[in-house]
Amino acid sequence: MQHVVIPDIGAAQIWREKARGFLASGIAPDQILWGEVSSDADLFATQPPAHKQGTITVPRSFVALANTVVWHNDPERFARLYAFLWRLRTAPHLMSDRGDSDLARLRNMEKNVRRCQHKMKAFVRFREIGCESDKRRSFAAWFEPTHHTVEPTAQFFVKRFADMDWRIVTPHVSAIFEQGRLSFVTGQPKPDLPDDASEDLWITYFRNIFNPARLKVQAMQSEMPKKYWKNLPEAASIPDLIANAPTRARQMAESAPTLPPKRMAQVQAQLAACTSAWKGPEGALEKDIAACTRCPLHRSATQAVLGEGPKDASLMVVGEQPGDMEDLHGKPFIGPAGQLFDDVAAAASLDRTSTYITNAVKHFKFQAKGRRRIHQRPDADEIAHCKWWLDAEVDQVKPELIVAMGATAAQALTGNGASILSRRGQIEHTATGQPVLVTLHPAYLLRQPDAQRRSEAKDLLLNDLEVATRFL
Ligand code: URA
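The rules behind each value
- Residues numbered from 1 in each chain as written.
- Predicted model: local features only at pLDDT ≥ 70, side-chain atom pairs only at ≥ 80, totals over all residues.
- Heavy atoms only, no water.
- Helix = DSSP H or I, 4+ residues; strand = E, 2+ residues; numbered from the N terminus.
- Expected span 1.5 Å × (residues − 1).
- Bend = angle between axes of the 7 residues up to and from the residue.
- Buried < 20%, exposed > 50% of the residue type's maximum accessible area, 1.4 Å probe, protein only.
- Near = heavy atom within 4 Å.
- Polar contact = N/O pair within 3.5 Å; in protein donor to acceptor, adjacent residues only side chain to side chain.
- Areas by Shrake-Rupley, 256 points an atom, 1.4 Å probe, with all protein chains shown as cover.
- Nonpolar A, V, L, I, M, F, W, Y, C, P; charged D, E, K, R; others polar.
- Pairing = 2+ DSSP bridges.
- Axes fitted to C-alpha atoms, helices over the stretch in contact; angles between N-to-C directions.
- Contact = heavy atoms within 4.5 Å.
- Disulfide = S-S within 2.5 Å.
- Phe/Tyr/Trp six-rings, centres within 6.5 Å; stacked < 30°, edge-to-face > 60°.
- Lys NZ or Arg CZ within 6 Å of the ring centre and 35° of its normal.

Asks: Which residues make up helix α8 (residues 238–254), and what are the values?
Replies: The end-to-end C-alpha distance of α8 is 24 Å, a good match for the 24 Å that 17 residues give at a rise of 1.5 Å each. Along α8, the largest kink reaches about 50° and is centred on A245; proline P246 follows within four residues of it. Inspection of α8 places I238, L241, A245 and A249 among the buried residues, and these make up the whole buried set.

Put into structure tokens, the structure is as follows:
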């Protein structure tokens, strides 16, 4: 039988070395008695056989698991780890076997240690104990961790408090950081630490960040378990804060809202500038649209295509975006879809010259394929950016009726992006109440696969444009 005693300090490395030695020599778990000791005297009752380098392969995931579990307070932890390691020799897949009860127990122990480390990071409270050297201030803390977490957590404090000397004293092991060097010594009883001048400030801060309207006692106690309270100066305030929470929450609800900070006004102004309407000087709208860079579409398009027609038209017709021809010539609805629109409009007795015609998006969006530019539908963002201009046009023309041709125009004008086929022929409204007659886009007619369907779609558009003419 082998007897091994692992000390509190350096346990991870020592256990690892010993376990490797036993494993390499084929010593089964039931042949080893693992023990713990709080000093490095009497370290190894039996010297385990030295292992030959390079003969053992252990999954990395196990090494990580073991490096945490060794700090658990279960006296059986070393034996449990070794027993599992022994099984891993012949069943390397075990590390991913979620049904394995040994692994489940080790994982649970790992979780407990991690939780304890987390609590240590949150609940260690240092007090200044005077300057031992001229340059560095010196602090000490008393902490009672559930597991042996001082050693694996010390680096967190090293990073955070690198410019001071400190020590964290616990019953098992104490960490000492002096002149930039970290060391560990055997634990000590609770030291008599002086009151800290900054403690009152900290308690005041704690009382102030406590929100009585959000009190959840259970959640609070799970986050800050009671066993830590005795070493937390702020914890003395907790019973009082809990008891007075309902009264304070009621008072908060009854009192007037506090004024938003100055910065809030700035944020609101910026927000308003993004969402508010165009407010340029009279006659500047077209120039501003022509210079638009509100979205990336301006980069590849030839030019912004402006609306066309009388500025006091009673009818406004809105399409989607300029096509290839419109982009090159800078005029709306002059390509194939525009010609079809002219035909149907004429049949509906709608006079294009007295109509203001524009698009929801002012720049041509396309994908280049060789020498061809293939139309791309504008996305919601592009439609939203260009709505700034469309709203300004509507505001300037003040039409009695707007005809939205196709889904993009309908979405920009009504905010509703639903399918046109179920909505066409009906009057909807803009956010400011102007009537919008929703209809098909002439390009939809062109996309129909046969003459029959094209003719049916054309009748629908004709019908809707007749409604528009009658409306006026
Ligand atoms: N399609 C549109 O929606 N608008 C145009 O100007 C041309 C084609």
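Asks: Quick rundown of the site of the ligand? Include the residues and the values.
Replies: The full set of residues close to the ligand is G319, E320, Q321, P322, G323, E326, P332, F333, N359 and H441. Measuring from an oxygen atom of the ligand, one finds a backbone N or O atom of E320 at 2.7 Å. Separating a nitrogen atom of the ligand from a backbone N or O atom of Q321 is a distance of 2.9 Å. Its free accessible area being 240 Å², the ligand has 93% of it covered by the protein chains. Its residues assigned to classes, the shell around the ligand shows three nonpolar, five polar and two charged.

Asks: If you had to explain the sheet that holds strand β12 (residues 401–405) to someone new, which residues and values would you point to?
Replies: A sheet is described by the order of its strands in space; here five strands give the open sequence β9-β8-β12-β14-β13, paired in mixed fashion. Single-partner strands in this sheet number two, and they are β9 (355–359) and β13 (427–429). Each strand axis lies, on average, 30° off the axis of its neighbour in the sheet, ignoring direction. For strand β8 (residues 315–319) and β9, the ladder comprises five bridges, and the chain directions are parallel. The residue of β9 that forms the bridge with V317 is I357. Across the sheet, helix α17 (residues 451–471) is in contact with β8, β12, β13 and β14 (435–439); its angle to β14 comes to roughly 160°.

Asks: Now, about the sheet that holds strand β4 (residues 138–142): what can you tell me, with residues and values included?
Replies: Within the open sheet, the five strands sit side by side as β3-β4-β5-β6-β7. Their pairing is mixed. Looking at the sheet topology across the chains shown, the edges are occupied by β3 (127–128) and β7 (181–186). Bridging between β3 and β4 involves two bridges; their strand directions are antiparallel. Across the sheet, the residue bridging to R127 is A140, located in β4.

Asks: So what's going on with the state of the cysteines? Residues and values would help.
Replies: Overall, the coordinates contain zero disulfides when judged by the stated rule. We note that C386 lacks a disulfide partner, and the nearest cysteine sulfur, in C292, lies 5.8 Å from it.

Asks: Run through the packing of aromatic side chains, naming residues and quoting values.
Replies: Across all of its chains, the model carries 19 aromatic pairs by this definition. Ring geometry for Y82 against W86: centres 6.3 Å apart, planes inclined by 40°, an arrangement best described as tilted. Here the residue Y82 and the residue W86 both occupy positions in helix α3 (residues 77–90), the gap between them amounting to four residues, near one helical turn. One exposure class covers both Y82 and W86, and it is buried. Each residue in the set W15, F22, W34, F62, Y82, F84 and W86 is aromatic and connected to the rest through ring pairs, giving one cluster. Of note, R89 hangs over the ring of W86, and the distance from its end group to the ring centre comes to 3.6 Å. The lysine or arginine in question, R373, covers the ring of F366, its NZ or CZ lying 4.8 Å from the ring centre.

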